[in-house]
Amino acid sequence: MAANGGVSKDSGHARLHQLGYKQELKRDLSVVSNFAFSFAIISVLTGITTLYSTGLKFGGPVSIVYGWFIAGCFTMIVGLSMAEICSSYPTSGGLYYWSAMLAGPKWAPFASWLTGWFNIVGQWAVTTSVDFSLATLIQVIILLSTGGKNNDGYEASKYLAAAWNFVGVFVLMILIPLVATERASPKFVFTHFNTDNGDGVNNKLYIFVLGLLMSQYTLTGYDASAHMTEETKSADINGPKGIISSIGISIIVGWGYILGITFAVTDIPYLLDENNDAGGYAIAQVFYLAFKSRYGTGVGGIICLGVVAVAIFFCGMSSVTSNSRMAYAFSRDGAMPFSPIWHKVNKHEVPINAVWLSALISFCMALTSLGSLVAFNAMVSIATIGLYIAYALPIFFRVTLARKSFVPGPFNLGRYGILVGWIAVLWVAIISVLFSLPVAYPISNETLNYTPVAVGGLLIITVFAWVFSARHWFKGPITNIDA
């Protein structure tokens, strides 16, 4: 209560007003709800299940078990820097708004434009990859449910969400190794390094780096906590808490999931073989074999895959929610074509047009998989590298142009803010290079890593649009409160 007996204004609401924006969205999310959005989008069940085969192929247990902690530690550093900035600028615009505030008046419009488009396209790519992963998993479930690939199985065409992910991880990490009749030894899980990848990559360091992709791909999407701040109570405090807690808890439960599954791995080449019952989908084959070896049927494994499928669905749903808030804020500042349409909110205080736009664009991006998986994979690569570039840009401006002028919010890193920020920027620069390297030799049209082409293409289009059009009319974030 305020001193005069009235109700005191929420600190996030007050800060939003200071930044020049009206409270248009319903502010009713708690810190737990804010955390839930990011945790559901990170979704260790989605990322690890989807790319576990990649981890097994490039390095095996060593790459998976230790790579997870390496990627996790640096991701936490990125998250800490983002949380500090989020505390100072708790708006739905998130990253692009931060860049505008930190780059200074001269560079604010371009910094905001570049960050915003990398952020929103990266988010759409995340939704696309998540939903494509769900479609692939459903295909494998159908295949195993109808007898498996070797028994004429049918090969099909191409606060709840967080709870499901949390409980699902613990159920599977305990159930699978418990049911499996053959288990890997601790020595295998913690020391075996797989160099037999079949792609002509022989250098162990190179192999380990490629194996990191599983971990880094999984640990993305936590900017959702920032995009939900205009709907979060005490957002200048709870937004940062959402970012940090979603990363930290994901690292812990993700490692448990990795260990549980890896203890059920005994034959890596067979799990990766496209002629096994799951068609080479490693985790699906692990689940299926664990139950089939003990009970004579793989139905239990198929049910476990169903648990993962539901988690992926919730991940995609939460991702669309985050996408729509970013689209709402970006269009509110006039950066998107037909902006007045996308920042409208309905009677329930939800930007429903932005929700449908995000779902439609992600669907259209997924359609490229029907024509070429190479093109689709190039587009989805923006989900990791493109999104992390968007994460790094405001941090870079924070430690350079705004080094002395940045005014921290309630959550801050104190004197360590600059050091943590530089480590975060350097990590993003390193993974941007590493994940652009070839993943197979000899290099051909089918084996070329198109990540630099996709990310470079996005950069060229964004800068081209700025030079020839946007610089004449986009001035950065626009306040909507009259002076």
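Residues numbered from 1 in each chain as written. Predicted model: local features only at pLDDT ≥ 70, side-chain atom pairs only at ≥ 80, totals over all residues. Heavy atoms only, no water.

### Quick notes on the overall build of the protein chain
Right, so step 1: Looking only at helices and strands, one finds 20 helices and zero strands in the protein chain.
Right, so step 2: The C-alpha radius of gyration of the protein chain comes to 23 Å, within 12% of the 23 Å expected for a compact globule of 483 residues.
Right, so step 3: For the protein chain, the spread of C-alpha atoms along the principal axes amounts to about 70 × 55 × 45 Å.
Right, so step 4: Looking at the protein chain as a whole, 57% of its 483 residues are labelled buried.
Right, so step 5: Total accessible area on the protein chain stands at roughly 19700 Å², and carbon and sulfur atoms take up 67% of it. (Helix = DSSP H or I, 4+ residues; strand = E, 2+ residues; numbered from the N terminus. Rg over C-alpha atoms; globule rule 2.2 N^0.38 Å. Buried < 20%, exposed > 50% of the residue type's maximum accessible area, 1.4 Å probe, protein only. Areas by Shrake-Rupley, 256 points an atom, 1.4 Å probe, with all protein chains shown as cover.)

### Observations concerning the packing of aromatic side chains
Right, so step 1: Inspection of every chain in the model, using the stated rule, returns 24 aromatic pairs.
Right, so step 2: For the pair Trp113 and Phe474, a centre-to-centre distance of 5.6 Å together with 55° between the ring planes defines the contact as tilted.
Right, so step 3: Relative to Phe474, the ring of Phe330 lies with its centre 6.4 Å away and its plane at 75°, an arrangement referred to as edge-to-face. Taken together, the positions of Phe330 in helix 13 (residues 299-332) and Phe474 in the segment after helix 20 (451-468) put the pair 144 residues apart, joining distant regions of the chain.
Right, so step 4: Put simply, the rings of Tyr96, Phe110, Trp113, Trp117, Phe330, Trp466, Trp473 and Phe474 touch in pairs and so form one group of aromatic residues. (Phe/Tyr/Trp six-rings, centres within 6.5 Å; stacked < 30°, edge-to-face > 60°.)

### Remarks on the pattern of salt bridges
Right, so step 1: In this structure the tally under the stated criterion is five salt bridges.
Right, so step 2: Of the charged contacts, one joins Arg332 and Glu230 as a salt bridge, the two residues approaching to 2.9 Å between their closest N and O atoms. Taken together, the positions of Arg332 in helix 13 and Glu230 in the loop between helix 9 (224-227) and helix 10 (235-262) put the pair 102 residues apart, joining distant regions of the chain. Comparing Arg332 with Glu230 shows no difference in burial state: the two are buried. (Salt bridge = Lys/Arg side-chain N within 4 Å of Asp/Glu carboxyl O.)

### Considerations on the packing of helix 5 (residues 95-145) against helix 20
Right, so step 1: Remark: helix 5 packs on helix 20, axes separated minimally by 10 Å, with the N-to-C direction vectors making an angle of 140°. When the interaxial angle is binned, helix 5 and helix 20 end up oblique. Seen from above, helix 5 lies across helix 20 with right-handed handedness. Between helix 5 and helix 20, the contacting residues are Pro109, Phe110, Trp113, Leu114, Trp117, Phe118 and Val121 on the first element and Val455, Leu458, Leu459, Thr462, Val463, Ala465 and Trp466 on the second. (Axes fitted to C-alpha atoms, helices over the stretch in contact; angles between N-to-C directions. Parallel < 35°, antiparallel > 145°, perpendicular 65-115°, else oblique. Left-handed = near helix turned anticlockwise from the far one by under 90°. Contact = heavy atoms within 4.5 Å.)

### Section: the nonpolar core
Considering soluble globular proteins, one finds that nonpolar side chains tend to be buried as a cluster.
Right, so step 1: Formed by 126 residues in total, the largest nonpolar core has its most connected members in Tyr52, Val78, Trp98, Tyr257 and Phe287.
Right, so step 2: A per-element tally of this core places helix 5 first, with 22 residues.
Right, so step 3: Once residues within four sequence positions are removed from consideration, Val78 is found in contact with Tyr222, Tyr388, Tyr391, Ile395, Ala424, Trp427 and Val428. (Core = buried A, V, L, I, M, F, W, Y, C linked by side-chain atoms within 4.5 Å.)

### A closer look at the confidence of the model for the protein chain
Right, so step 1: Taken over all residues, the pLDDT of the protein chain has a mean of 84, while the share at 70 or more is 92%.
Right, so step 2: Low pLDDT, under 50, characterises residues 1-7; the predicted model gives this stretch five contacts beyond four residues in sequence or across chains.
Right, so step 3: Between residues 154-158, whose pLDDT stays under 50, and residues either more than four places distant or in other chains, the model counts 11 contacts. (pLDDT = per-residue confidence, 0-100.)

### Section: a nonpolar patch on the surface
Right, so step 1: Judged by side-chain polarity, Phe166, Val167, Phe170 and Val171 come together as a nonpolar surface patch covering roughly 320 Å² of accessible area.
Right, so step 2: Position of Phe170 among the secondary structure elements: in helix 6 (residues 160-179). (Patch = residues over 30% accessible without salt bridge, like charges linked within 9 Å, V, L, I, M, F, W, Y side chains within 5 Å.)

### Observations concerning helix 5
Right, so step 1: In this model, helix 5 (51 residues) spans only 44 Å end to end at C-alpha, well below the 75 Å of a helix rising 1.5 Å per residue.
Right, so step 2: Gly104 marks where helix 5 bends most, by close to 150°; the proline Pro105 follows one to four residues later. (Expected span 1.5 Å × (residues − 1). Bend = angle between axes of the 7 residues up to and from the residue.)

### A closer look at the side chain of Ser358
Right, so step 1: Examined against the element boundaries, Ser358 turns out to sit in helix 15 (residues 352-366).
Right, so step 2: When its relative accessible area of 0% is taken as the criterion, Ser358 is described as buried.
Right, so step 3: Of the polar contacts made by the side chain of Ser358, one reaches the backbone oxygen of Ala354; its length is 3.0 Å.
Right, so step 4: Setting aside its immediate chain neighbours within four residues, Ser358 contacts Trp124, Val320, Asn323, Ser324 and Ala327. (Polar contact = N/O pair within 3.5 Å; in protein donor to acceptor, adjacent residues only side chain to side chain.)

### A closer look at unusual backbone geometry
Right, so step 1: Non-glycine residue Ser43 carries a positive phi angle of around 40°.
Right, so step 2: Turning to its location among the elements, Ser43 is positioned in the loop between helix 2 (31-42) and helix 3 (44-57).
Right, so step 3: For Ser234, which is not glycine, the phi torsion reads 50° and is therefore positive.

### Some words on the environment of Leu272
Right, so step 1: Structurally, Leu272 is set in helix 11 (residues 268-272).
Right, so step 2: In this structure, the C-alpha to C-alpha distance between Leu272 and Ile237, residues 35 residues apart in sequence, is 45 Å.
Right, so step 3: Those residues in contact with Leu272 that sit more than four places away from it in its chain are Ser53, Leu56, Lys57, Gly280 and Ala282.

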